[in-house]
Structure formats: C-alpha cells, structure tokens
Amino acid sequence: VDINTGRNCAGNTPCYLSVQSAVDAASNGETVCVYDSTYNENVNIDKGITLQSISGAASTTISSTGGTVVTISSDDVVLDGFTLTNGEQAGMGIYAQDHSDITIKNNVVTRIGNSQDDVSGRGIVIVSSSSAVDTIKILHNQIGDITSGLMTGSSSTSSSGISIGWTSGTEN
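What you see is a predicted model, and the numbers here were worked out from it, not measured in a lab. (Residues numbered from 1 in each chain as written. Predicted model: local features only at pLDDT ≥ 70, side-chain atom pairs only at ≥ 80, totals over all residues. Heavy atoms only, no water.)

1. Considering the overall build of the protein chain
Across its full length, the protein chain carries 1 helix and 17 strands. Sorting the 172 residues of the protein chain into buried and exposed places 43% on the buried side. Residue pairs at least 24 apart in sequence account for 63% of intrachain contacts in the protein chain once pairs closer than 6 positions are excluded. As displayed, the protein chain offers around 8000 Å² of accessible surface, 43% of which is attributable to carbon and sulfur atoms. (Helix = DSSP H or I, 4+ residues; strand = E, 2+ residues; numbered from the N terminus. Buried < 20%, exposed > 50% of the residue type's maximum accessible area, 1.4 Å probe, protein only. Contact = heavy atoms within 4.5 Å. Areas by Shrake-Rupley, 256 points an atom, 1.4 Å probe, with all protein chains shown as cover.)

2. So, the pairing of strand E14 (residues 121-128)
For E14, the tally of buried residues reaches 7 of 8 residues, placing the bulk of the element in the interior. Two elements, strand E11 (residues 91-97) and E14, share 6 bridges in a ladder whose sense is parallel. Bridging from a neighbouring strand, Ala 96 pairs with Ile 126 of E14. (Pairing = 2+ DSSP bridges.)

3. Quick notes on a negative patch on the surface
Together, Asp 75, Asp 76, Asp 101 and Asp 134 give the surface a local cluster of negative charge. Here Asp 76 lies in the loop between strand E8 (70-72) and strand E9 (77-80). (Patch = residues over 30% accessible without salt bridge, like charges linked within 9 Å, V, L, I, M, F, W, Y side chains within 5 Å. Salt bridge = Lys/Arg side-chain N within 4 Å of Asp/Glu carboxyl O. Lys, Arg positive; Asp, Glu negative; His and termini not counted. Charge placed at Lys NZ, Arg CZ, Asp CG, Glu CD.)

4. Quick word on the environment of Ala 10
Examined against the element boundaries, Ala 10 turns out to sit in the loop between strand E1 (2-3) and strand E2 (15-16). Judged by its relative accessible area of 58%, Ala 10 is exposed. Separated by 25 residues in sequence, Ala 10 and Tyr 35 have C-alpha atoms that sit 9.3 Å apart.

5. Overview of unusual backbone geometry
Residue Asp 76 is not a glycine yet carries a positive backbone phi of 60°. Unlike most non-glycine residues, Asp 101 shows phi in positive territory, near 55°. Residue classification places Asp 101 among the partly exposed positions, given a relative accessible area of 33%.

6. Topic: the sheet that holds strand E10 (residues 83-85)
As a general point, the strands of a sheet are linked pairwise by backbone hydrogen bonds and lie either parallel or antiparallel. Read from one edge of the open sheet, 5 strands run E4-E7-E10-E13-E16, paired in parallel fashion. Only two strands of the sheet have a single neighbouring strand rather than two, namely strand E4 (37-39) and strand E16 (142-146). On average, each strand axis in the sheet is inclined to that of its neighbour by 15°, with strand direction left out of account. The sheet contact formed by E4 and strand E7 (residues 60-63) spans 3 bridges and is parallel. Counterpart to Ser 37 in the pairing with E7 is Thr 60. (Axes fitted to C-alpha atoms, helices over the stretch in contact; angles between N-to-C directions.)

7. Digging into the environment of Thr 61
By the secondary structure assignment, Thr 61 is in strand E7. The exposure class assigned to Thr 61 is buried, which follows from its relative accessible area of 16%. Linking Thr 61 and Asn 107, residues 46 residues apart in sequence, is a C-alpha distance of 9.6 Å. Aside from chain neighbours lying at most four places away, what touches Thr 61 is Ser 37, Thr 38, Tyr 39, Thr 83 and Thr 85.

8. Looking at the nonpolar core
Leu 51, Val 70 and Leu 84 are the most contacted members of the largest nonpolar core, which totals 30 residues. Among the elements that take part in this core, helix H1 (residues 19-25) stands out by supplying 3 residues, more than any other. Residues within four places of Leu 51 in sequence aside, it is in contact with Val 19, Val 23, Val 32, Val 34, Val 43, Ile 45, Val 78, Leu 79, Asp 80 and Phe 82. (Core = buried A, V, L, I, M, F, W, Y, C linked by side-chain atoms within 4.5 Å.)

9. Remarks on a nonpolar patch on the surface
Taken together, the side chains of Ile 143, Ile 162 and Ile 164 make up a nonpolar region of the molecular surface, amounting to roughly 250 Å² of accessible area. Secondary-structure assignment places Ile 164 in strand E17 (residues 160-167). When its relative accessible area of 54% is taken as the criterion, Ile 164 is described as exposed.

10. Details of the side chain of Thr 60
Inspection of the secondary structure assignment puts Thr 60 in strand E7. Given the relative accessible area of 0%, Thr 60 is considered buried. Among residues more than four places away in sequence, those in contact with Thr 60 are Val 34, Tyr 35, Asp 36, Ser 37, Tyr 39, Ser 53, Gly 81, Phe 82 and Thr 83.

So far we have only geometry, and geometry alone does not tell us how the molecule works.
If you want it as structure tokens, here you go:
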C-alpha cells in the first residue's frame, strides 16, 4: 500500500493521497509505504500494520493541527521513519492505550504543545487503563520541543518526552 500526495507512487498501485486512507485500506500484516512529503492530518492506526516512510524522518512529516498526531489503536504496530508535529498545539506525538507489540523507531517527535495555560504536550505515551501492556520497543527516536503551560489552579506543568505505564486499572 503506497501513499504520495504527488499521485506518483513509483508506479505502484493503489496509490493513496493521505496516510489515513492508506491505513484504512491496509490489512493486518501489511506494510504501508509513505513517500516524501508533508501530510497534514491526524492518523489512527487501528490494525496490526507497519507504517513506514520510504526516505525517513528528514523527508516525511505527519503534521496535525492539534491533538494527537498518531494514535495507535491496535496490537502489532510498527511506526518507522517520520517527523511528527502538531504545530505547537495541545496533544501528543504518539499515543497508545491498552495495546502491546508496538515498535516506534527512527522518528522525530517535535513541536508538541506550547506554553499557554492549560496546554499539555507529550511526545510518546504508552499507557494501560485495564489491560496488560508489553513488548513495547522505542528505538532511535529524537524527541524535543515538547512544551506545556501552567495548569489552571496549579503551579506545575506536565510535559514529557516519553511516558510509559501509568494505569487506572484495578487490582484483582
């Protein structure tokens, strides 16, 4: 499955114009190859696929206009080789809750959050609300320019580059 906003996927078909449309069309176990460009969208990976940039993070950007750039809503996901940014709005670069067997590698997560009050920025967040989460690989990523403002009624900020493992689950 190939994606290129210039409508040329090196002759490969089908060729999608957005990352999300290619993710939606992919089947479990497939690799979605993303060609060089800036893709202005939020992406939800809801199946076990590899989402991979052809040329790496220096050439391939997913830029949302706020919120979380990439949400991982499935087990068995690989995210490889992107610059992820949300234009300094509140949100996260990458977020997964209650999913395992996730590999996040060779990405640049930057310009997430800002210093305005009640804005929270986080780079990579892997959490559990009720299910066990294991086999999480975070390899060769660069994370920077993650910013949070003061929380109303508080004197603290809560930005983080990587957050793993908090839970609101119950003990049996």
